Amino acid sequence: SYIKDLEQEIQLADNHFKNINSYSDETIYNLLENESKDGDVLSICAINKDGNIFATDKKKEKIFQKIDYIKVVEGGNYISDVHFDNDGVGYILILEPIKNNEKIVGAFGEIYSIEDLMKFNKTSIFRGQGFMEIVQSDGIFVKKFKGQSPVLEKNKFVELKNAKYIRNYSFEKIITDIKNS
């Protein structure tokens, strides 16, 4: 999954960024450029304790000004709602905390356009019969991929409320998980 891949990248990047709050802006940008050479992500970013974002793509950086650092600290990983640039292109931000001696000192992550996510989803889901959806934390659909969901509500929460659940899943648990990224 995207989060597991990002967690592995974070572990490697932690050593470079664990002192992020003492680095100059130029040093942070240089570290990001070095990190981006090793991967195929279009834009990576780091956030310091003040919520200032530094990204390899400065146009995307401006979309996510002043990230709520507390949410990153409390939730572990963080997936933003969709933010739009001036051209109407939607982006999401996926973050993991940066730790120094087990203390969270910042965050490291990746910025994806909705179109980027569609490219990652070119593989068949359930032999072409499945579907994938991106939903904001308030339940509003952002994008549906690969087929159509059986219910065409505007809000995923309405659809989930009437679903039947198995194992330890429940409507309340899924809503909580969605809201907490």
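All of these numbers come straight from a predicted model, not from anything done at the bench.

Asks: Tell me about the pairing of strand β6 (residues 103–113), residues and numbers included.
Replies: Burial runs high along β6: nine of the 11 residues are buried. Of the pairings in the sheet, the one linking strand β1 (residues 44–47) to β6 comprises four bridges and is antiparallel in character. Residue pairing across strands places A46 opposite F108, the latter belonging to β6. Alignment of strand β5 (residues 90–100) against β6, held across 10 bridges, turns out to be antiparallel. Looking at the pairing, Y91 lines up with S113 of β6.

Asks: Hey, could you go over the side chain of S80 for me, with residue numbers and the actual values?
Replies: With respect to the helices and strands, the residue S80 is situated in the loop between β3 (78–79) and β4 (83–84). Note on S80: relative accessible area 5%, which makes it buried. Separated by 2.8 Å, the side chain of S80 and the backbone nitrogen of L93 make a polar contact.

Asks: Got a sec to walk through the pairing of β1? Specific residues and values, please.
Replies: Neither face of β1 is exposed, since I44 and A46 on one face and C45 and I47 on the opposite face are all buried. As defined by bridge partners, β1 adjoins strand β2 (residues 53–55) across three bridges and the pair is classed as antiparallel. Across the sheet, the residue bridging to C45 is A55, located in β2. Counting the residues in the hairpin turn of β1 and β2 gives five residues, including G51, whose phi is positive at 85°.

Asks: A description of helix α2 (residues 25–36) should follow, citing residues and the corresponding values.
Replies: Between its first and last C-alpha, α2 extends 17 Å over 12 residues, near the 16 Å set by a 1.5 Å rise per residue. Buried residues of α2: I28, Y29, L31, L32, E35 and S36, and no others. Along α2, the residues classed as buried sweep out an arc of 160° about the axis, all on the same side.

Asks: I'd like to hear about the packing of aromatic side chains, residue by residue, with values.
Replies: In total, this model carries two aromatic pairs according to the counting rule given. Their ring planes at 45° and their centres at 5.3 Å tell us that F17 and F108 sit as a pair that is tilted. Of this pair, F17 sits in helix α1 (residues 2–17) while F108 sits in strand β6; the two residues are 91 residues apart in sequence, bridging distant segments of the chain. You'll find F17 and F108 in the same group, each marked buried. Residues Y29 and F54 carry aromatic rings whose centres are separated by 5.5 Å and whose planes lie at 75° to one another, so their mutual orientation is edge-to-face. Placement of the pair is Y29 in helix α2 and F54 in strand β2, with a sequence separation of 25 residues. Here the guanidinium or amino end of K58 rests over the ring plane of Y29, the centre of that ring lying 4.1 Å away.

Asks: For the environment of G51, give the residues involved together with the corresponding values.
Replies: Tracing the chain through its elements places G51 in the loop between β1 and β2. Distance in space between the C-alpha atoms of G51 and G106 is 8.1 Å, their sequence separation being 55 residues.

What counts and what doesn't
Residues numbered from 1 in each chain as written. Predicted model: local features only at pLDDT ≥ 70, side-chain atom pairs only at ≥ 80, totals over all residues. Heavy atoms only, no water. Buried < 20%, exposed > 50% of the residue type's maximum accessible area, 1.4 Å probe, protein only. Helix = DSSP H or I, 4+ residues; strand = E, 2+ residues; numbered from the N terminus. Pairing = 2+ DSSP bridges. Polar contact = N/O pair within 3.5 Å; in protein donor to acceptor, adjacent residues only side chain to side chain. Expected span 1.5 Å × (residues − 1). Arc of directions from axis to C-beta. Phe/Tyr/Trp six-rings, centres within 6.5 Å; stacked < 30°, edge-to-face > 60°. Lys NZ or Arg CZ within 6 Å of the ring centre and 35° of its normal.

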